[in-house]
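Each chain is listed here by its residues.
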2 protein chains.
Amino acid sequence: MARPTEHEVLAAVLQIRCGSLQVLAWQRALPPDSGRWSLPGGLLGDDEDVEQSVRRQLAEKVDLGEVTHVEQLGVFSRPDRVPDVRRVATAFLGLVPSDADPAVPPDTQWHPLAALPPTAFDHAAIVADAHDRLRAKLSYTNLGFALAPREFTISALRDLYVAALGHPVSATNLQRVLTRRQVLEPTGAVAPPGPAGGRPAALFRFTDHVLRVTDAFAVLRPPTGPPSGPGEATRVVVP
Amino acid sequence: MARPTEHEVLAAVLQIRCGSLQVLAWQRALPPDSGRWSLPGGLLGDDEDVEQSVRRQLAEKVDLGEVTHVEQLGVFSRPDRVPDVRRVATAFLGLVPSDADPAVPPDTQWHPLAALPPTAFDHAAIVADAHDRLRAKLSYTNLGFALAPREFTISALRDLYVAALGHPVSATNLQRVLTRRQVLEPTGAVAPPGPAGGRPAALFRFTDHVLRVTDAFAVLRPPTGPPSGPGEATRVVVP
DNA sequence: CCAAAAGTGTTGGATGTACACCCATGA
DNA sequence: TCATGGGTGTACATCCAACACTTTTGG
C-alpha cells in the first residue's frame, strides 16, 4: 500500500555576485536527472528538525558562517516531483553577503537567476519562490543585512538592491528610507573615491543583523493611544 | 537506522463565531495525548500533494464548501513532536465565513482562541501561527472575503476585523480604505435598522473571492515611468 | 423631537518619490 | 577649474487616523 515517505530539505542559497543575483547549485552526476543542476540539501535526519537539517546539509557545501540568513519557504510535495520514490521537500531561502566568496565543492557552482541552466526536479520553482520572498522582504524588513558586507557605501547598497529587485532604485531615497527606519547607521568613516575622483562616500552598516519587520501594518493599525504595550504586532507573515 | 518518516497535514480552521475568533478541534479519545484537543488532519496519501491532502482530510470534518480559503503555514518537524513515531507535519490555515454553521462530528468543537483548552502535541503553536498569519494578511490583502458573509454592513465587517485583529477598528476608516482599494463594493441594497432605530446600513460585498494583495510594496517600488508592464510585482510573500 | 446608528467632510500627520541643487575630490 | 560621484533640501502626491458633522431611521 503506502509507499514509504522520505523527507528532504532543499535550500536556494542566493548571493549577489558580479552585480547579478546568483544561486548555488551542484551538477548531478547520476540519474535521476543526471547532468541537471540541483539545489543543496538532503534527507531529514532522525534527530533534527528541518531547520537544523538544512543547516547541516548546507555545511557540506559552504561555510555556514557565510550564510547570514535562512528561512523556510514551504513544502513541495507533488507525488511525481521525484521519480520512483515519494519524497516531500521543505524548501528554504538562504542568503550570503556579496563580499563573501565561500569555497564550494568542484561539482558546485553559482548561476545567475536570469540564466539558470536546466534544473533537476522542481528546483526551478523553489528558486522562483526564493526570489519572490527576497524581493518582498527587502521592501518591508531589514533583510538587506543578509546581502550586504558589514560596511558599505550607499551606492554599493543601491547596486545590491537593484540586482535583487530587478528595477532601478534611487540611492537618495534608499538612504532616506532606511535611515528613517533606523535600519542603517553611519559608521563615521568614509570610503576613498574611485580613480575618477568624486566626493568620498560615507560608510554605513546595518544596525541589526537579525530579521526585523520595519514597515509595520500599512493599514488597520491599532489606535495610537497611550504608548501601546510591549512587542507591538508587526507584519510578520513568515517568521 | 532511520525511523520511517510519516508526513501529516494539519489545519487550523478559523471562524468568527459569536464575536470571537474560534478554531475547530476534535477531542482525542485514545493515546497519545488522549483527552486533549487536536487539529483536523491526517497522513499524506500516496497520490496527493499536501494541498490536496488537507482538503481531503478537512472534508471529513466540515463541508469543504464552507471553507473559503486555505493556505500553507509551514512545516513543524521537531523530532519529538509526536511520541514514538517520526511524523513531520505541514500546517495550514483555513477560514470559514462567519455566517456558516457547518455540521461537525460529535467529537469536534469550536473553541475561542482566547481560551484554548489543552491541545495535543504542538497544535497550539500551529494555531498561534495561523492567528498571526490571519492578522497580517487582513492588513494588506483582501483576505476579509474569507471571513465575511457574501453581503454585510460595514459595522458587521468592522466587528469581524475587531475579533480577528484584537484591537479596535474604526468603521469609518475601514470602509474608506477597503473601498479605495476596490476590495469592497456596495450592493445597492440596505439592511433594515435594528430595534433601536438608526439609519439603515448599506450592504457591501467583496469584489473578489480569491486572495489578492491590495497594498503593494510600501517602499522601493519600481519607478513610475510609462505604464509599467503587465502583472506588477506585489508583496506576495506567501502565495 | 430625541436618541441611535450610519455615513460624509475635513484636517493634520506621516511617508515616499522625484528632482534640483550643493559638496568634496582627482586630474 | 572641470568632470565625477556623493549628499542634502524641497516640492508634491498619497495615504491614513482622528474627529466633527450630517443623514436617516424608530420611538
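Residues numbered from 1 in each chain as written. Chains lettered and ligands numbered in written order. Predicted model: local features only at pLDDT ≥ 70, side-chain atom pairs only at ≥ 80, totals over all residues. Heavy atoms only, no water.

### As for the side chain of histidine 111 of chain B
- Looking at where histidine 111 of chain B falls in the secondary structure, it is placed in strand β7 (residues 108-112).
- Setting aside residues no more than four positions away along its own chain, histidine 111 of chain B makes contact with Leu21, Gln22, Val23, Ala25, Trp37, Leu116 and Pro117 of chain B. (Helix = DSSP H or I, 4+ residues; strand = E, 2+ residues; numbered from the N terminus. Contact = heavy atoms within 4.5 Å.)

### Overview of the sheet that holds strand β9 (residues 184-191) of chain A
Residues and elements named next belong to chain A.
- In space, the three strands of this open sheet follow the order β8-β10-β9, with antiparallel pairing throughout. Two strands in the sheet have a free side with no partner beyond their single neighbour: β8 (152-153) and β9.
- With two bridges connecting them, β8 and strand β10 (residues 201-206) associate as antiparallel partners. Within the sheet, the bridge partner assigned to threonine 153 lies in β10 and is leucine 203. (Pairing = 2+ DSSP bridges.)

### Brief notes about the pattern of salt bridges
- Inspection of the entire model under this criterion finds 26 salt bridges over all chains.
- In this structure, the salt-bridge partner of glutamate 6 of chain A is arginine 87 of chain A, at a minimum N-O distance of 2.8 Å. Here glutamate 6 of chain A, found in strand β1 (residues 5-17), pairs with arginine 87 of chain A, found in strand β6 (residues 86-96); they are 81 residues apart in sequence, far enough to count as distant.
- The class for glutamate 6 of chain A is partly exposed, based on a relative accessible area of 26%.
- Of the charged contacts, one joins aspartate 215 of chain B and arginine 181 of chain B as a salt bridge, the two residues approaching to 3.9 Å between their closest N and O atoms. Residue aspartate 215 of chain B is found in the segment after β10 (201-206), and its partner arginine 181 of chain B is found in the loop between α4 (171-180) and β9 (184-191); the two are separated by 34 residues along the sequence. For the pair aspartate 215 of chain B and arginine 181 of chain B, one class covers both residues: buried. (Salt bridge = Lys/Arg side-chain N within 4 Å of Asp/Glu carboxyl O. Buried < 20%, exposed > 50% of the residue type's maximum accessible area, 1.4 Å probe, protein only.)

### A short note on the pairing of strand β1 (residues 5-17) of chain B
Residues and elements named next belong to chain B.
- The element β1 is largely enclosed, with a buried count of 12 among its 13 residues.
- Examined bridge by bridge, β1 and strand β6 (residues 86-96) share 11 bridges and lie parallel to one another. By the bridge assignment for β6, threonine 5 is matched with arginine 86.
- Sheet analysis places β1 next to strand β4 (residues 41-43), joined by three bridges and oriented antiparallel. Paired with glutamate 8 across the bridge in β4 is leucine 43.

### Quick word on the packing of helix α2 (residues 123-140) of chain B against helix α3 (residues 154-165) of chain B
Residues and elements named next belong to chain B.
- With their axes 9 Å apart at the nearest point, α2 and α3 run at an angle of 135° to one another. On the basis of the axis angle, α2 is oblique to α3. In the crossing of α2 with α3, the sense of the turn from one axis to the other is left-handed. Only Tyr161, Ala164 and Leu165 of α3 make contact with α2, whose side of the interface consists of His131, Leu134, Arg135 and Leu138.
- Partitioned by chemical class, the residues of the contact of α2 with α3 number five nonpolar, one polar and one charged. (Axes fitted to C-alpha atoms, helices over the stretch in contact; angles between N-to-C directions. Parallel < 35°, antiparallel > 145°, perpendicular 65-115°, else oblique. Left-handed = near helix turned anticlockwise from the far one by under 90°. Nonpolar A, V, L, I, M, F, W, Y, C, P; charged D, E, K, R; others polar.)

### Re the sheet that holds β10 of chain B
- Across the sheet, three strands lie side by side as β8-β10-β9 (chain B); this open sheet has antiparallel pairing. Each edge of the open sheet carries a strand with a single partner, namely β8 (152-153) and β9 of chain B.

### A word on the nonpolar core
- One finds Leu14, Leu134, Leu157, Tyr161 and Phe206 of chain A to be the most contacted residues of the largest nonpolar core, which totals 41 residues.
- For this core, the secondary-structure elements that each account for two or more residues are β1, β2 (20-27), β5 (69-76), β6, α2 (123-140), α3 (154-165), α4 (171-180) and β10 of chain A.
- It is α3 of chain A that provides the largest number of residues to this core, a total of seven residues.
- Setting aside its immediate chain neighbours within four residues, leucine 14 of chain A contacts Leu21, Gln22, Val23, Leu93, Gly94, Leu95, Val96, Trp110, Leu113, Ala130, His131 and Leu134 of chain A.
- Counting 40 residues, the second-largest nonpolar core is a separate cluster that includes Ile16, Ala91, Ile126 and Ala130 of chain B. (Core = buried A, V, L, I, M, F, W, Y, C linked by side-chain atoms within 4.5 Å.)

### Considerations on the UniProt feature "domain: Nudix hydrolase" (unreviewed entry) in chain A
- Per the UniProt record, "domain: Nudix hydrolase" (unreviewed entry) is annotated on residues 5-141 of chain A.
- Its end C-alpha atoms 36 Å apart, residues 5-141 of chain A is made of 20% helix and 36% strand. (UniProt positions renumbered as here; feature names shortened; annotations may be inferred.)

### Overview of the side chain of serine 53 of chain A
- In this structure, serine 53 of chain A sits in helix α1 (residues 50-58).
- Look past the residues within four positions of serine 53 of chain A in its chain and what remains in contact with it is Val9, Leu43, Leu44, Gly45 and Glu48 of chain A.

### Comments concerning the confidence of the model for chain A
- This prediction gives chain A a mean pLDDT of 90; 89% of its residues lie at or above 70.
- Of the regions scoring below 50 in pLDDT, residues 226-239 of chain A engages in 32 contacts with residues more than four places distant in sequence or in other chains. (pLDDT = per-residue confidence, 0-100.)

### Remarks on unusual backbone geometry
- The peptide bond linking proline 31 of chain A to proline 32 of chain A adopts the cis configuration, its omega dihedral lying at 0°.
- Positive phi is not limited to glycine here, since cysteine 18 of chain B has a value of about 50°.

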